[in-house]
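Analysis of the macromolecular model
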Amino acid sequence: MDDVRTFIHTLPRGPERLSRHLGRMVGAMIAATTAFAVVNLTQLPQLVPWLGPTAIGVVLIVYWNIRVHSGAIAAPEPKPE
């Protein structure tokens, strides 16, 4: 619901927009990787396919958020219409 409220009222700009986008993209990657791993990696212990992608993905989200908010990655500004 937060996405709908944000979209209706105001769109985030700059680092906040990039941070949200990267977090959601990595979250989608975690979901897809988990689904693939659970179905196909049956030779591993049962918790590895379920928790492995999440552990790696959360580290990526934190890493990218730190880089974005420190200014190491510049968020592109939207083009004026």
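Reading guide: rules and limits
- Residues numbered from 1 in each chain as written.
- Predicted model: local features only at pLDDT ≥ 70, side-chain atom pairs only at ≥ 80, totals over all residues.
- Heavy atoms only, no water.
- Helix = DSSP H or I, 4+ residues; strand = E, 2+ residues; numbered from the N terminus.
- Buried < 20%, exposed > 50% of the residue type's maximum accessible area, 1.4 Å probe, protein only.
- Expected span 1.5 Å × (residues − 1).
- Contact = heavy atoms within 4.5 Å.
- pLDDT = per-residue confidence, 0-100.
- Axes fitted to C-alpha atoms, helices over the stretch in contact; angles between N-to-C directions.
- Parallel < 35°, antiparallel > 145°, perpendicular 65-115°, else oblique.
- Left-handed = near helix turned anticlockwise from the far one by under 90°.
- Nonpolar A, V, L, I, M, F, W, Y, C, P; charged D, E, K, R; others polar.
- Phe/Tyr/Trp six-rings, centres within 6.5 Å; stacked < 30°, edge-to-face > 60°.
- Patch = residues over 30% accessible without salt bridge, like charges linked within 9 Å, V, L, I, M, F, W, Y side chains within 5 Å.
- Areas by Shrake-Rupley, 256 points an atom, 1.4 Å probe, with all protein chains shown as cover.
- Salt bridge = Lys/Arg side-chain N within 4 Å of Asp/Glu carboxyl O.

Re the environment of Glu16
Mapped onto the elements of the fold, Glu16 is located in helix H2 (residues 14-40). Glu16 gets classed as partly exposed once you look at its relative accessible area, which sits at 34%. Glu16 sits 52 residues away from Val68 along the chain, and the two C-alpha atoms are 8.5 Å apart.

Here we look at helix H3 (residues 47-70)
Between its first and last C-alpha atoms H3 spans 34 Å; for 24 residues at 1.5 Å apiece the expected length is 34 Å, and the two agree. Taken together, the buried positions of H3 are occupied by Pro49, Pro53, Gly57 and Val68. Against the buried residues of H3 lie H2. Positive phi appears at Gly71, one or two residues downstream of H3, with a value of about 95 degrees.

So, H2
Side chains three or four residues apart in an α-helix point the same way, a direct result of the helix having 3.6 residues per turn. Over its 27 residues, H2 runs 39 Å from end to end, which matches the ideal 39 Å to within 8%, given 1.5 Å per residue. Burial in H2 covers these residues: Gly14, Leu18, Ser19, Gly23, Val26, Ile30, Thr34 and Ala37.

Details of the confidence of the model for the protein chain
Mean pLDDT over the protein chain stands at 85; residues scoring 70 or higher make up 85%. Here helix H1 (residues 2-9) stands out as the least confident element of the protein chain, with mean pLDDT 70; H3 is the most confident, with 92.

Considering the packing of H2 against H3
Relative orientation of the contacting elements H2 and H3 amounts to 165 degrees, with a least axis distance of 9 Å. As far as their axial angle goes, H3 and H2 are roughly antiparallel. For the pair H2 and H3, the sense of crossing is right-handed. Looking at the contact of H2 with H3 residue by residue, the class counts come to 16 nonpolar, nine polar and one charged.

Some details on the packing of aromatic side chains
When we look at a pair of aromatic rings, we describe it by the centre distance and by the angle of the planes. Inspection of every chain in the model, using the stated rule, returns one aromatic pair. Judged by centre distance (5.4 Å) and plane angle (70 degrees), the rings of Tyr63 and Trp64 are edge-to-face. Using a relative accessible area of 40% as the deciding quantity, one classes Tyr63 as partly exposed. For Trp64, a relative accessible area of 29% gives the class partly exposed.

Description of a nonpolar patch on the surface
On the surface, Met29, Ile56 and Leu60 cluster together into a nonpolar patch covering about 260 Å² of accessible area. Its place among the elements puts Met29 in helix H2. Here Met29 falls in the partly exposed class, since its relative accessible area comes to 37%.

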